[in-house]
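Fold and contact review
Below are the chains, spelled out letter by letter.
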Amino acid sequence: MKRILTGIGAAAGMAALTACGAAGAATQTSSGAAGTAGGAGAAAPAAAASTATPRCTTADLAVSLGKPAGKTGAPGQFDVPLTYRNTSDHTCGLYGVPGVDLVGPDDATFGPVYHLPRENNGVKYNEVPAGTTASATITVLTPSEGGASWTPTSLKTIPPGQTQALTADWPADLPVLRQDAATHPGTYVNGILADPA
C-alpha cells in the first residue's frame, strides 16, 4: 500500500512539474515573441528614417537665435528660439535634442561654460529640405532682482548625432541664473520641432 501511494505521489509530482514546465515555456515563448515583435516594431521606424534620409551634419546647417519671449504663467522665464537652417543643396533629417553650451564670464563657482540639460520633447523624426528650417527652444530662467547675474556672450550648439559645434551670439540683455548643480534647473534646451511651412 505504501508503494502504491509513493507511486501515485511521484506521478502527481511529475504531472505538476510537466505542467509548470509547459506554463513556463509558454510564458517564455509568449514574452520572447512579444519582445521580438516589440523590438522589431520599435526598430523599424528608426531604420526606415535613417536609410531614407541621412541626418543633417553640422556642415549642412547654419544657426541663429530668435528674440526672447516671456513664458506665460512663469515669471522670470523666457523662451529663445534656436533655429537651424539647412544651407545644403539636399534634404536632411534633423530631430532629437541638440547639445547647448552657454559661454560667458568665468563664474566663481561654476566656471565660464553652462552645459544645459536636455528635455526630449521634440518630434521623433523630421526632414528639412534645402533652404528651410527647424527649431528647438531654449527655456531660460533669469536671476531674481538683486540676485547674482551672469550673462553669456555666446552659445555653442551641436546638432543631434554630430560632434562639431555651431556658434551664435547670445542676447546681451538676457542674463541667466546659473543652476549647474540643480536637479530640475529653470534653464534647459527642448527637442527640435518642425517649423511651419
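Before reading further, recall that the structure is shown in the block above.
Before going into details, it helps to say that this report is about the structure given with it. What you see is a predicted model; the values in this text were computed from it and never measured. (Residues numbered from 1 in each chain as written. Predicted model: local features only at pLDDT ≥ 70, side-chain atom pairs only at ≥ 80, totals over all residues. Heavy atoms only, no water.)

Take the nonpolar core next. A general tendency of soluble globular proteins is for nonpolar side chains to be buried together. By size, the foremost hydrophobic cluster in this structure holds 27 residues, and its most contacted members are Tyr84, Leu94, Val100, Leu102, Ile138 and Trp170. Those elements that provide at least two residues to this core are strand 1 (61-65), strand 3 (77-86), strand 5 (99-107), strand 9 (133-141) and strand 11 (166-169). No other element matches strand 9, which puts four residues into this core. Ignoring any residue separated from it by four or fewer positions in sequence, one finds Leu102 in contact with Pro112, Val113, Tyr114, Leu116, Trp150, Pro152, Ser154, Leu155, Trp170 and Val176. (Core = buried A, V, L, I, M, F, W, Y, C linked by side-chain atoms within 4.5 Å. Buried < 20%, exposed > 50% of the residue type's maximum accessible area, 1.4 Å probe, protein only. Helix = DSSP H or I, 4+ residues; strand = E, 2+ residues; numbered from the N terminus. Contact = heavy atoms within 4.5 Å.)

This part is about the state of the cysteines. Two cysteines form a disulfide when their sulfur atoms are joined by a covalent bond. Per the counting criterion, the structure on display carries one disulfide. Two residues, Cys56 and Cys92, share a disulfide whose sulfurs are 2.0 Å apart. Its torsion about the S-S bond being 90°, the disulfide of Cys56 and Cys92 is classed as right-handed. With Cys56 in the loop between helix 1 (2-52) and strand 1 and Cys92 in strand 4 (residues 92-93), the pair connects residues that are 36 residues apart, well separated along the chain. This pair shows no difference in class: Cys56 is buried, exactly as Cys92 is. (Disulfide = S-S within 2.5 Å.)

It is worth spelling out the sheet that holds strand 5 at this point. The strand order 6-5-10-11 describes an open sheet built from four strands, whose pairing is antiparallel. Only two strands of the sheet have a single partner each, and these edge strands are strand 6 (111-115) and strand 11. Taking each pair of neighbouring strands and ignoring which way they run, the sheet shows an average axis angle of 25°. As paired elements, strand 5 and strand 10 (residues 154-158) share five bridges and run antiparallel to each other. Paired with Gly99 across the strands is Ile158, a residue of strand 10. (Pairing = 2+ DSSP bridges. Axes fitted to C-alpha atoms, helices over the stretch in contact; angles between N-to-C directions.)

With that settled, the discussion passes to the side chain of Asp60. Looking at the element boundaries, Asp60 is found in the loop between helix 1 and strand 1. This buried residue, Asp60, is left without a salt bridge; Arg55 holds the nearest opposite charge, at 11 Å. Among the polar contacts listed, one links the side chain of Asp60 to the side chain of His90, at a separation of 3.5 Å. Setting aside its immediate chain neighbours within four residues, Asp60 contacts Arg55, Arg85, Asn86, Thr87, Ser88, His90 and Cys92. (Lys, Arg positive; Asp, Glu negative; His and termini not counted. Salt bridge = Lys/Arg side-chain N within 4 Å of Asp/Glu carboxyl O. Polar contact = N/O pair within 3.5 Å; in protein donor to acceptor, adjacent residues only side chain to side chain.)

To continue, consider the packing of aromatic side chains. Tallying each qualifying case throughout the model produces one aromatic pair. Over the aromatic face of Tyr95 sits the side chain of Arg55, whose NZ or CZ is 4.1 Å from the ring centroid. (Phe/Tyr/Trp six-rings, centres within 6.5 Å; stacked < 30°, edge-to-face > 60°. Lys NZ or Arg CZ within 6 Å of the ring centre and 35° of its normal.)

A word on the environment of Pro160. Relative to the assigned elements, Pro160 resides in the loop between strand 10 and strand 11. Using a relative accessible area of 8% as the deciding quantity, one classes Pro160 as buried. A C-alpha to C-alpha distance of 7.1 Å links Pro160 and Gly99, two positions 61 residues apart in sequence.

Walk down a regular strand and you will see the side chains alternate between the two sheet faces. Of all nine residues in strand 9, eight are buried; the element is thus mostly enclosed. In terms of strand pairing, strand 3 meets strand 9 through nine bridges, oriented antiparallel. Across the sheet, the residue bridging to Tyr84 is Ala134, located in strand 9. Looking at chain direction, strand 9 and strand 13 (residues 193-194) are connected through two bridges and run antiparallel. If you follow Ser135 over to strand 13, its bridge partner there is Leu193. Pairing analysis gives two bridges linking strand 9 to strand 12 (residues 188-190), with the strands arranged antiparallel. Residue pairing across strands places Ile138 opposite Val189, the latter belonging to strand 12.

Without other data, these values stay purely geometric and don't point to any function.
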